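Coordinates in review
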Amino acid sequence: MSVFNSLGSNYDFGFAIRALFPEVAKLFHLPGGLGLDLKKYLEEKYDGEAILLFKGREAITLALKLLDLPKNSQVAINGFTCYAVYKAIEKAGCKPVLIDIPRDDLNLTRSDLVSTLTKNPDIKVVIVQNTLGYPCDIDEISEICKEKNIFLIEDLAHSVGAKYKNGTEAGRVGDFVVLSFSQDKIIDGISGGALIIRNKIYQKNIENSFKNPSVALQLKDRFYPLLTFKIRIFYNVGGKLFHFVLKKTKLLSTPMQGTLYKFSNLPEWYCNLINYQFNNSDKELRHRRKVAEIYSRNLSKKILSDSIVKNIDLSANLRFPIFVENRQNLINYLKKDNIYISDIWYDAPIAPRRFMSEINYKNDCPNAEKISEKILNLPTHKNISEKQALQLSNLINSFVIHNS
Ligand SMILES: Cc1ncc(COP(=O)(O)O)c(C=O)c1O
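Keep in mind it's a predicted model, so treat the numbers as computed, not measured.

Glancing now at helix H1 (residues 13-20). Among the residues making up H1, those that are buried are Phe15, Ala16, Arg18 and Ala19. One side of H1 holds all its buried residues, which, seen down the axis, span an arc of 160 degrees.

What follows is the structure, encoded as structure tokens:
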């Protein structure tokens, strides 16, 4: 079978059936079936008030709105991130300030934060994100935030289950925690997000009175695991064409639509899938870690980053990044062996690249630009076996040898 980075790779056939018929889970008393209280679970896990939402980006906007900041307040973010983060800040009436990442890391550091704060002393909020699951230097960052009375938001879109260097689980430090349960995340419920209000001053027992997302959107999500399962299985015998047609006819659920920024409630069937994913998350995290270790042990050192390799144990290992000069050639080379890993997190400082024209960017992040040209993410999800990870490492090494 082919290997993909995304395209529903967090799901198997059982999950597809579960998404289509959530009642089946209840009927057979499967763990994570209907009835578990996701809100309560998150409140205990992250020690705060939880509000369930349809997307993680809504949680960012909601956190900033709850802070009731003056219009155009500055919010500092990792200068290597997703456009959804940038846009969510604008939706709250605030201004994103990009902090470049170091040349050899994927997260903003203390020294970059300090120099950005010197240039922009009015920054009110810092959002950290533990890119691809790899932990940022939270102790140093939170110390500066406390010192300067800046609110800290931990965005765990990539990093549910990651640990910081001090051993604390990610999500137990900031004033707010943002969770995303969207496609291809660690906890993948097709869609979903949550805000955890940890700072007691802002806990208000908020009643979630948002409307449900449209039935059309929900239907697309319900079918997404089954459709992507079929595409992946039959990729070389019609699956590719099927994928193309579904995309063209907009029948395949996609996370980057402009309509996804308004507050929406998270319907119960998503909560059940998310519960199910949380139930399995220890096992999944162990698998991701093992696969990342296989890559780190077997791949040529030339394409590895020290800071990634030494943090595998702490990371949630959403993907395993390598850094190559001739990325597109490698992507094409791997396709010959049915390995499809062309979707890159991130292919620009604010990704996907096509959104760069929509943001106010003045070469603020030269390191992120360079990294975004070289980074390629290897899969760590449940649908890549340890054996396949070793085969993939060998293939990449042979490409590196012949192209250096
Ligand atoms: C770091 C980060 N935060 C938040 C989000 C937004 O998550 P969602 O798609 O659930 O809105 C993304 C999107 O991929 C992301 O990469």
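That was the structure; now back to the text.
A separate point is the environment of aspartate 188. As for its position among the elements, aspartate 188 is in the loop between strand E8 (176-180) and strand E9 (193-197). C-beta crowding within 10 Å serves as the criterion here: with 24 such atoms nearby, aspartate 188 is assigned to the buried category. C-alpha of aspartate 188 to C-alpha of phenylalanine 263: the two residues are 75 residues apart in sequence and 19 Å apart in space. Here aspartate 188 is in contact with Asn10, Phe181, Gln183 and Gln277, once residues within four sequence places are set aside.

Here we come to the nonpolar core. With 121 residues, the main nonpolar core has Ala63, Val126, Val178, Ala194 and Leu195 as its most contacted residues. Lining this core are residues from two domains, each supplying at least three of them: domain 1 (24-202) and domain 2 (281-402). Not counting the four nearest positions on each side in its chain, valine 126 is found in contact with Ala76, Leu113, Ile141, Cys145, Ile150 and Leu152.

Close contacts around the ligand come from 15 residues, with Gly56, Arg57, Cys82, Ala157 and Ser180 the closest. For the shell around the ligand, the secondary structure elements donating two or more residues are helix H4 (56-67), strand E4 (81-82) and helix H5 (83-91). Of the residues that constitute the shell around the ligand, the class distribution is 5 nonpolar, 7 polar and 3 charged.

A separate point is the packing of helix H8 (residues 215-233) against helix H9 (residues 239-248). Direction vectors running N to C along H8 and H9 enclose 145 degrees, while the axes themselves pass 7 Å from each other. Judged by the sense of rotation from one axis to the other, the crossing of H8 with H9 is left-handed. Mapping the contact onto sequence places Leu227, Lys230, Ile231, Arg232 and Ile233 in H8 and Gly239, Phe242, His243 and Leu246 in H9.

Once that is clear, we can look at the sheet that holds E9. Pairing is mixed in the open sheet, where 7 strands are placed in the order E2-E9-E8-E7-E6-E3-E5. The sheet is open, and its two borders are formed by strand E2 (49-53) and strand E5 (95-99), each paired with just one other strand. Averaged over all pairs of adjacent strands, the angle between strand axes in this sheet comes to 20 degrees, irrespective of strand direction. Bridge count between E2 and E9: 5 bridges; the pairing is antiparallel. In the sheet register, leucine 53 faces E9, and the bridge partner there is glycine 193. Strand contacts of helix H3 (residues 38-46): E2, E8 and E9, with the helix running at about 135 degrees to E2, the strand carrying the most contacts.

This brings us to the pairing of E8. Across a regular strand the side chains alternate sides, sitting on one face of the sheet and then on the other. A large share of E8 lies buried, amounting to 5 of its 5 residues. By the bridge criterion, 5 bridges tie E8 to E9 in an arrangement that is antiparallel. Counterpart to serine 180 in the pairing with E9 is glycine 193.

Our next topic: unusual backbone geometry. The omega torsion across tryptophan 345 and tyrosine 346 is -5 degrees, close enough to zero to call that bond cis. You can see tyrosine 346 is positioned in the loop between strand E11 (339-340) and strand E12 (350-351). Along the chain, alanine 351 connects to proline 352 via a cis peptide bond; the corresponding omega equals -5 degrees. Phi at aspartate 68 is positive, roughly 55 degrees, even though this residue is not glycine. Here aspartate 68 shows up in the loop between H4 and strand E3 (74-78). The exposed category is assigned to aspartate 68, around which 8 C-beta atoms lie within 10 Å. For isoleucine 190, which is not glycine, the phi dihedral falls at a positive 75 degrees.

Attention now goes to the domain arrangement of the chain. For interface size, the figure often reported is the accessible area lost on association. Segmenting the chain into domains produces domain 1 (24-202) and domain 2 (281-402). On a C-alpha basis, the centroid separation for the pair domain 1 and domain 2 is 22 Å. Between domain 1 and domain 2, the contact holds 26 residues from the first and 30 residues from the second. Elements supplying a minimum of two residues to the side of domain 1 that touches domain 2: E4 and H5. Residue composition of the side of domain 1 that touches domain 2, by class: 14 nonpolar, 6 polar and 6 charged.

Another aspect to go through is the packing of helix H11 (residues 281-298) against helix H15 (residues 386-402). Across the interface, H11 lies against H15 with an axial gap of 9 Å and an inter-helix angle of 25 degrees. It follows that H11 is roughly parallel to H15 by the angle criterion. The hand of the H11/H15 crossing is right-handed. Facing H11, whose interface residues are Lys290, Val291, Ile294, Tyr295 and Asn298, H15 presents Glu386, Ala389, Leu390 and Ser393. Residues that form the contact of H11 with H15 fall into these classes: 5 nonpolar, 2 polar and 2 charged.

Rules of the game
- Residues numbered from 1 in each chain as written.
- Predicted model: local features only at pLDDT ≥ 70, side-chain atom pairs only at ≥ 80, totals over all residues.
- Buried ≥ 20, exposed ≤ 12 C-beta atoms within 10 Å, placed from the backbone.
- Helix = DSSP H or I, 4+ residues; strand = E, 2+ residues; numbered from the N terminus.
- Arc of directions from axis to C-beta.
- Contact = placed C-beta atoms within 7 Å.
- Core = buried A, V, L, I, M, F, W, Y, C linked by C-beta atoms within 7 Å.
- Domains from an automatic or database assignment.
- Near = placed C-beta within 6 Å.
- Nonpolar A, V, L, I, M, F, W, Y, C, P; charged D, E, K, R; others polar.
- Axes fitted to C-alpha atoms, helices over the stretch in contact; angles between N-to-C directions.
- Left-handed = near helix turned anticlockwise from the far one by under 90°.
- Pairing = 2+ DSSP bridges.
- Parallel < 35°, antiparallel > 145°, perpendicular 65-115°, else oblique.

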